[in-house]
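Residue-level listing of the chains:
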Amino acid sequence: MKIVQSLWTKPGKRKNDQSFMDENKCGWLNKKYNYLAWALSALQFAKFYDKVELVTDQEGYDLLIGKMELPYTNVEVVLDEINHYPRDLFAAGKLYAYSIQKEPFIHADADVFIWAKFPEEFENSAALCQSREEGDFYNQYYSEIFYPMLRNFNFYPQVLDESLLKNQQIKAINAGIIGGYDLDFIADYTKQAFEFIDRNTDKFSLIDVSYSNVIFEQFLYFALAEKRNLEINYLSHNWDTKLSDIVDFASVPEKQRYIHLYASHKRIGYLVDCVEYQLQKNYPDRYYKIMNLIKTYQI
């Protein structure tokens, strides 16, 4: 199994009201932690997997390969092709990366860190991802995003209606990691996701595009797998209700071997300090190289 990561740099570009220090934060407390996280994530995957690949654009290549020198075994510089999409549609880069894979893969976000290989039975899944997103909290969260899309969009895949009617709630997945060996499913999923996006770009001003990513990526993935009767293998079913485990750096690596600093966890001081500590402790040369690049304004 190979690991894939992707970086589309457009979502990290600063808006007119942002300072230089805000650029490339990408949801992190500041850009320093974004860079340190990229390094720790890539290096930890390279420690356990022979093939760790990157899909990016030219600026991403210059940053992660040219300056930070991260040890990816292959790089596809193709994401400049999607620069016509708005910066808030950050899932587009990931969806494109999934769509071009020609062999089984696990795509991992750069806020995911591992301290062991994934279980073999998990790697050998037709469809896999981190965890479920369902229940009262998620249903309300997704509904508040999805229903404005229904009211305003020109088109949406009917499979979303079918899933909603079948389950009487919105069920989705968390795509911190995502992939599998059923590439036909991945191809259909990404094709439908981009059709969903492309047929509604003239309506994006009527919704909050940044929140819509979970519909294009996570709700659609679950609904299409359900439609195909394709079983999704989740890394840990316990995290359906106990997501606190996946941000627990205190138990790494004796107990916890998978960390995902999802959503607002990237802005919690203690947790981002844990990222910095782990990189400095385990890869001191890489840590000081990146810190020097930051200090000298090269990144």
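Right above here is the structure, for reference.
What counts as what
Residues numbered from 1 in each chain as written. Predicted model: local features only at pLDDT ≥ 70, side-chain atom pairs only at ≥ 80, totals over all residues. Heavy atoms only, no water. Helix = DSSP H or I, 4+ residues; strand = E, 2+ residues; numbered from the N terminus. Rg over C-alpha atoms; globule rule 2.2 N^0.38 Å. Contact = heavy atoms within 4.5 Å. Areas by Shrake-Rupley, 256 points an atom, 1.4 Å probe, with all protein chains shown as cover. Lys, Arg positive; Asp, Glu negative; His and termini not counted. Charge placed at Lys NZ, Arg CZ, Asp CG, Glu CD. Pairing = 2+ DSSP bridges. Axes fitted to C-alpha atoms, helices over the stretch in contact; angles between N-to-C directions. Buried < 20%, exposed > 50% of the residue type's maximum accessible area, 1.4 Å probe, protein only. Arc of directions from axis to C-beta. Salt bridge = Lys/Arg side-chain N within 4 Å of Asp/Glu carboxyl O. Core = buried A, V, L, I, M, F, W, Y, C linked by side-chain atoms within 4.5 Å.

Caption draft 1: A look at the overall build of the protein chain. A tally of regular secondary structure across the protein chain gives ten helices and nine strands. On C-alpha atoms alone, the protein chain measures out to a radius of gyration of 19 Å, which is about the 19 Å that the 2.2 N^0.38 rule sets for 299 residues. On the principal axes, the C-alpha backbone points of the protein chain span a range of 55 × 45 × 35 Å. Pairs at least 24 apart in sequence give 78% of the contacts found in the protein chain among residues at least 6 apart. Accessible surface for the protein chain amounts to roughly 13,500 Å². Of this, 47% is attributable to carbon and sulfur atoms. A distance of 4 Å separates the average location of the 33 positive side-chain charges in the protein chain from that of its 42 negative side-chain charges.

Caption draft 2: Examining the sheet that holds strand β8 (residues 232-234) more closely. One open sheet accounts for seven strands, arranged β3-β2-β1-β4-β7-β6-β8; its pairing is mixed. At either margin of the open sheet sits one strand with a lone partner, and together these are β3 (74-77) and β8. Geometrically, the sheet is characterised by an average inter-axis angle of 35° between neighbouring strands, direction not taken into account. Two strands pair when backbone bridges link them, and strand β4 (residues 105-108) and strand β7 (residues 172-180) are joined in this way by four bridges, in the antiparallel orientation. Paired with Ala108 across the two strands is Ile177, which belongs to β7. Strands β6 (127-133), β7 and β8 of the sheet are contacted by helix α8 (residues 209-227), whose axis makes an angle of about 70° with β7.

Caption draft 3: Spatial organisation of helix α2 (residues 58-67). Listed as buried for α2 are Gly60, Leu63, Leu64 and Ile65. Buried positions in α2, seen along its axis, are confined to an arc of 155° and lie on one side of it. Contacts from the buried residues of α2 go to β1 (2-7), α1 (31-48), β2 (52-56) and β3. Note on α2: the residue one or two positions beyond its end, Glu69, has a positive phi of about 55°.

Caption draft 4: Inspection of the pattern of salt bridges at higher detail. Taken as a whole, this structure holds 14 salt bridges when the rule is applied. Close ionic contact of Glu276 with Lys32 constitutes a salt bridge, the shortest N to O distance being 3.2 Å. In this pair, Glu276 is assigned in helix α9 (residues 269-282) and Lys32 in helix α1, connecting sequence segments 244 residues apart. Each of the two residues, Glu276 as well as Lys32, counts as buried. Of the charged contacts, one joins Arg228 and Asp188 as a salt bridge, the two residues approaching to 3.6 Å between their closest N and O atoms.

Caption draft 5: The nonpolar core, seen in detail. The biggest cluster of nonpolar side chains holds 56 residues, and the ones touching the most others in it are Leu160, Ile173, Ile215, Phe219, Tyr221 and Ile232. If you list the elements that add at least two residues to this core, you get α3 (91-99), β6, α5 (136-152), α6 (158-167), β7, α7 (183-198), α8 and β8. By residue number, the principal contributor to this core is α8, which donates eleven residues. One finds Leu7, Leu40, Phe113 and Ile114 within the second-largest nonpolar core, a separate group that totals 52 residues.

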